[in-house]
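# Per-entry structural report
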Amino acid sequence: MNQNIILNEISKLKSKQSQWEPFTWYKDMRENNPVYYDAEQDVWNVFLYEHTKRVLSDHELFSNKKQRSLIPVPREHFDNRSNINLVDPPEHRKRRALQSQAFTPRSLKEWEPRIKAIVDELIADLEGESTVDIVEKLAIPLPVTVIAELLGVPFKDRGLISSWSDIIFLPYNQEAYVDIDKQKGQAMKEFHDYLLPIVQEKRKRAVDDIISDLTKAELDGEQLTDEEVVMSAIGLLGAGNETTTKLISNIFYCMLFDKPGVYQELRTDVSLVPNLIEEVLRFRFTASMDRRVAQDTSVFGPKMKEGQVVVAWLGAANRDESEFAHAEELDIHRPNSQHHLSFGNGPHFCLGAPLARMEARIALTAFVNQFADIQPVKGFDVTEHLTDSVLGQSLKNLPILFDRNR
Ligand code: HEM
């Protein structure tokens, strides 16, 4: 059986539009098929908030040690101590501790001015324009520039890094499986060969960045090998790049199309920016995560057998009315938006969540302070601007019109 699980084969949503807006299907599954078995791929699927949370957090029943997965990366490269995701507690705690030192509130405070400077530069580049593609100009360059800077890889190479990372995490599809696999192998090799001398250099002369920290970190009294540091860096890029791009793109899409008017509310009270970010994460993040059933269980009703896969549909859980009142509406005054599961739950809760939140907050605050209004471009048809991604359909462009402050 194929080791990669293909979400669109489960949902049978064929058009880009229906994959971009799977919310009617989510609702139907929550109401009529909340624990659904896809026999073709031998995969269980859960859609309710409580079930999703349980799958993500109960590692005794639902393990992260898995052979088959939604995450479309060639497994052999990540089977070592650099991987903090494909492992359960207690081993997980130790591996995570190595990387989590980089994401403490103190390190974030230190990074804030660096991130502000990157945002200011990207926004200054919009000077003189009245229409911009906000994905190309902000949502794509911001996360990759930030992570390149924090890892300590040369800024000038961010285009290369972005394209390797895009290929390595490209979703598989049945038609082009072999071709995609070949591309991934090639990108992985090039990225690895690019990072290795950087890691070797930093091991000799450590500076103030995450790769240097990783070369010094110890697990059970032993340092990570150069290979493991390389794979940790690729893992961080993969986990933090496209996800944050998607968040920033979605924020603009939501302001333009899901809740026009919200931009003016932010202009009046910019302290509402974090509420909008949390609500966009709840409302428009169509991600799913998987686990291996670790022991036979009927915890959700039907019997799931050890070794089967279970997919938790985070985007569906985020619209479950039992947790979120009027869940199908984007409401920045919702008291519990931050209960969304878009950053996961339990031991594997996203390590980069504070960084992603901070990037989005700094970018949106700077934008709102400088631009009096934003409008969609006439005739914009979202279906022409979507691309397949590991997170479902993502925006590849979002042209917007904006007015500068006078
Ligand atoms: C909006 C942006 C982001 C979203 C929605 C997101 C989402 C997630 C989710 C759902 C998980 C849980 C995986 C699981 O349960 O198996 C996760 C884990 C993780 N994320 Fe993020 N992420 C984002 C940004 C970032 C950033 C910026 C970084 C770092 C640069 C990062 C690093 C990680 C790491 C290392 C893990 C693995 C944690 C573990 O397994 O213990 N993420 N993320």
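Here, the structure is the one placed above.
Structural notes, computed from the coordinates. Keep in mind the model is a prediction, meaning the values are calculated, not measured. (Residues numbered from 1 in each chain as written. Predicted model: local features only at pLDDT ≥ 70, side-chain atom pairs only at ≥ 80, totals over all residues. Heavy atoms only, no water.)

## Thoughts on the site of the ligand
Our working definition: We define proximity as follows: a residue is near a molecule or strand when any one of its heavy atoms falls within 4 Å of that partner. Between N or O atoms, a polar contact is any pair within 3.5 Å; within protein, one atom must be a potential hydrogen donor and the other a potential acceptor, and residues adjacent in sequence are included only when both atoms are from side chains. Secondary structure elements follow DSSP: runs of H or I of four or more residues count as helices, runs of E of two or more count as strands, with numbering from the N terminus. Residue classes follow a fixed rule: Ala, Val, Leu, Ile, Met, Phe, Trp, Tyr, Cys and Pro count as nonpolar, while Asp, Glu, Lys and Arg count as charged, and any other residue, Gly among them, counts as polar.
Inspection of the region around the ligand gives 26 residues, with His92, Arg96, Arg291, His348 and Cys350 positioned closest. One nitrogen or oxygen atom from the side chain of Arg291 is found 2.8 Å from an oxygen atom belonging to the ligand. When residues of the shell around the ligand are traced back to their parent elements, those giving at least two are helix H5 (91-100), helix H12 (226-258), strand E7 (288-293) and helix H16 (353-370). No other element matches H12, which puts 6 residues into the shell around the ligand. For the shell around the ligand, the per-class residue count stands at 14 nonpolar, 10 polar and 2 charged.

## Considering the packing of aromatic side chains
Where we set the bar: In summary, the pairing rule links any two rings of Phe, Tyr or Trp, Trp by its six-membered ring, whose centres are within 6.5 Å, and it sorts them by plane angle into stacked for under 30 degrees, edge-to-face for over 60 and tilted for everything else. Between buried and exposed lies partly exposed: a residue is buried under 20% and exposed over 50% of the maximum accessible area for its type, with that area taken using a 1.4 Å probe on protein chains only.
Going through the model one piece at a time under the given rule, you end up with 22 aromatic pairs. For the pair Trp164 and Phe191, a centre-to-centre distance of 5.1 Å together with 25° between the ring planes defines the contact as stacked. Placement of the pair is Trp164 in helix H9 (residues 158-168) and Phe191 in helix H10 (residues 177-204), with a sequence separation of 27 residues. Across the pair, exposure class does not vary: Trp164 and Phe191 are buried alike.

## Some remarks on the coordination of the iron atom of the ligand
For the record, the criterion: Note that water is not among the atoms used; donors are N, O and S atoms within 2.8 Å of the metal (3.2 Å for Na, K and Ca), so sites may look incomplete.
Exactly one protein atom donates to the iron atom of the ligand; that atom is Cys350 (SG), 2.3 Å from the metal. Tracing the sequence through the fold places Cys350 in the loop between helix H15 (314-317) and H16.

## Focus: the pairing of strand E10 (residues 386-389)
Inclusion rule: Think of it this way: DSSP has to see at least two bridges between two strands before they count as a pair.
Judged from the 4 bridges that link them, E10 and strand E11 (residues 392-395) form a sheet pairing that is antiparallel. Opposite Thr387, over in E11, you have Ser394 as the bridge partner. As consecutive antiparallel partners, E10 and E11 are separated by 2 residues.

## Quick word on the pattern of salt bridges
Stated precisely, the cut-off is as follows: The working definition used for a salt bridge is a side-chain nitrogen of Lys or Arg within 4 Å of a carboxyl oxygen of Asp or Glu.
Tallied over the full model, the rule gives 28 salt bridges. Salt-bridge contacts for Asp58 lead to Arg54; the nearest nitrogen and oxygen are separated by 3.0 Å. You can call Asp58 buried: its relative accessible area is 18%. Of the charged contacts, one joins Lys156 and Asp157 as a salt bridge, the two residues approaching to 3.1 Å between their closest N and O atoms. Exposure remark for Lys156: the relative accessible area of 67% places this residue in the exposed category. Judged by its relative accessible area of 10%, Asp157 falls in the buried class. Beyond isolated ion pairs, a larger network of salt bridges with shared partners links Glu91, Lys94, Arg95 and Asp220.

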